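# Coordinates in review
Given next are the chains, with one letter for each unit.
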Amino acid sequence: MKEIIDVTNLNFSWGNNHVLKDLDINLKENELVSIIGINGAGKSTLLKCLNRILKPDSGEISIFGKQLSDVDLIELAQHISYVPQSIRSNFSMDVFDVVLLGRRPHIQWRIVDNDREKVSKTLRYLNLEEFAFRRFDQLSGGERQRVIIAKAVAQDPAVYLFDEPTSDLDLKNQIEIMKRIKELISVPESSKSALIAIHDINIAARFSDRILLLHEGRIIANGTPQEVLTTKNIAEVFNVTSEIVNMHPDYIRIIIKDEINKNKKTNEAWYYE
């Protein structure tokens, strides 16, 4: 697979807090990669460095072989779409127009029919047609999150950066959104990929091609869900005991056990069909 993003020796600090330490990461086309770790591990910081919201202390980031620092903002927006963890925008416009904002990097002089058609297809694809002419600022938190994801999809980038894209969604919509993201980047001719910071390790296990386990600023494991999500790694990073169950040839299920009575299963995580 062709490499889209390459990160070498990336470091970032907030004051004296060294958040990211000598990270080496690559992202290939048609690949969904999840970043997992505890709160404060640096997941969001990494995504912001990749989108030039934050400037690393040192290290190199390239996209399609070109240094990220040499990419102008319009070209960057054509290559990368980013959905933040919290949706602060309160657009006073219809959902259709909010999603249409995702087309801005591709618009030359004016909006054309192709842009409107791209938005319509995106709304259909994400089952948001009924929201098209509702006001964004009158939607629930979960509905807004789905619309912002649609805006990123309509942007039609090579790389999707998602920071907790399912955090405000109910279980049905969590699965639906992850399925759609997986479909988007799995089309061979699309040459797309996605990097997702996520808390739910079972969602990561179900949908990821690879998982990056981030702990104390470093990647301590990088591989398939079966390779990364071991009881040893889960104990080291999350300080809990777990059981790994092979419920399906293609993915695993993680059951978190009680720390006090390790024979009692108190928090059985979801299993996805």
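Below is a summary of the structure that appears in this document. (Residues numbered from 1 in each chain as written. Predicted model: local features only at pLDDT ≥ 70, side-chain atom pairs only at ≥ 80, totals over all residues. Heavy atoms only, no water.)

## A closer look at the overall build of the chain
Keep this limit in mind: Only DSSP runs of H or I reaching four residues or more are called helices, and only runs of E reaching two or more are called strands; each is numbered from the N terminus. Here the globule rule reads 2.2 Å times residues to the power 0.38, and the radius of gyration is calculated from C-alpha atoms. Three exposure classes are used, based on accessible area relative to the maximum for each residue type with a 1.4 Å probe and protein chains only: buried under 20%, partly exposed in between, and exposed over 50%. When checking whether two residues touch, look at their non-hydrogen atoms; a contact exists if any pair is within 4.5 Å. Accessible areas in this description were obtained via Shrake-Rupley with a 1.4 Å probe; residue shielding takes into account the shown protein chains only. Under this rule, positive means Lys or Arg and negative means Asp or Glu; His and the chain ends count for nothing. The atoms used to mark charge sites are NZ of Lys, CZ of Arg, CG of Asp and CD of Glu.
The helix and strand tally for the chain stands at 9 helices and 13 strands. The C-alpha atoms of the chain give a radius of gyration of 19 Å, which matches the 19 Å a tight globule of 273 residues would have. In the chain, which comprises 273 residues, the proportion classed as buried is 48%. Restricting to contacts in the chain with at least 6 residues of sequence separation, those with at least 24 account for 62%. Carbon and sulfur atoms make up 46% of the accessible area of the chain, which amounts to about 13,400 Å² in all. Computed over 35 positive and 39 negative side-chain charges, the inter-centroid distance for the chain is 2 Å.

## Remarks on the packing of aromatic side chains
Condition: Aromatic pairing here means that ring centres of Phe, Tyr or Trp (its six-membered ring) are within 6.5 Å. Orientation follows from the plane angle: under 30 degrees is stacked, over 60 is edge-to-face, and everything else is tilted. Only Lys NZ and Arg CZ are tested; either one counts as a charge over a ring when it is within 6 Å of the ring centre and within 35 degrees of the ring normal.
The final tally for this structure, using the stated rule, is 3 aromatic pairs. Between Phe 96 and Phe 133, the ring centres sit 6.1 Å apart and the planes meet at 10°, which makes this aromatic pair stacked. Residue Phe 96 is found in helix α3 (residues 95–100), and its partner Phe 133 is found in the loop between α4 (113–125) and α5 (141–154); the two are separated by 37 residues along the sequence. With a centroid separation of 5.7 Å and an interplanar angle of 5°, the aromatic rings of Tyr 160 and Phe 162 are classed as stacked. Accessibility classification places Tyr 160 together with Phe 162 in one group, the buried group. Positioned above the aromatic ring of Tyr 125, the side-chain terminus of Arg 180 is 4.7 Å from the ring centre. Just above the ring of Phe 207 sits the side chain of Arg 206; from NZ or CZ to the centre is 5.0 Å.

## Thoughts on the sheet that holds strand β10 (residues 218–223)
Stated precisely, the cut-off is as follows: Two strands pair if DSSP finds at least two bridges between them. To obtain each axis, a line is fitted to C-alpha atoms, and for helices this fit is confined to the stretch in contact; angles are then taken between N-to-C directions over 0 to 180 degrees.
Sheet architecture is open: 6 strands sit in the order β6-β7-β8-β3-β9-β10, paired in mixed fashion. Sheet topology places β6 (80–83) and β10 at the edges, where each strand pairs with a single neighbour. Across the sheet, the mean angle separating the axes of adjacent strands is 15° when strand polarity is ignored. The pairing of strand β3 (residues 32–36) with strand β9 (residues 210–215) spans 4 bridges and is classified as parallel. Looking across to β9, one finds that Ile 36 is bridged to Leu 213. Of the strands in this sheet, β3, β7 (159–163) and β8 (193–197) are in contact with helix α6 (residues 171–186), which crosses β8 at around 150°.

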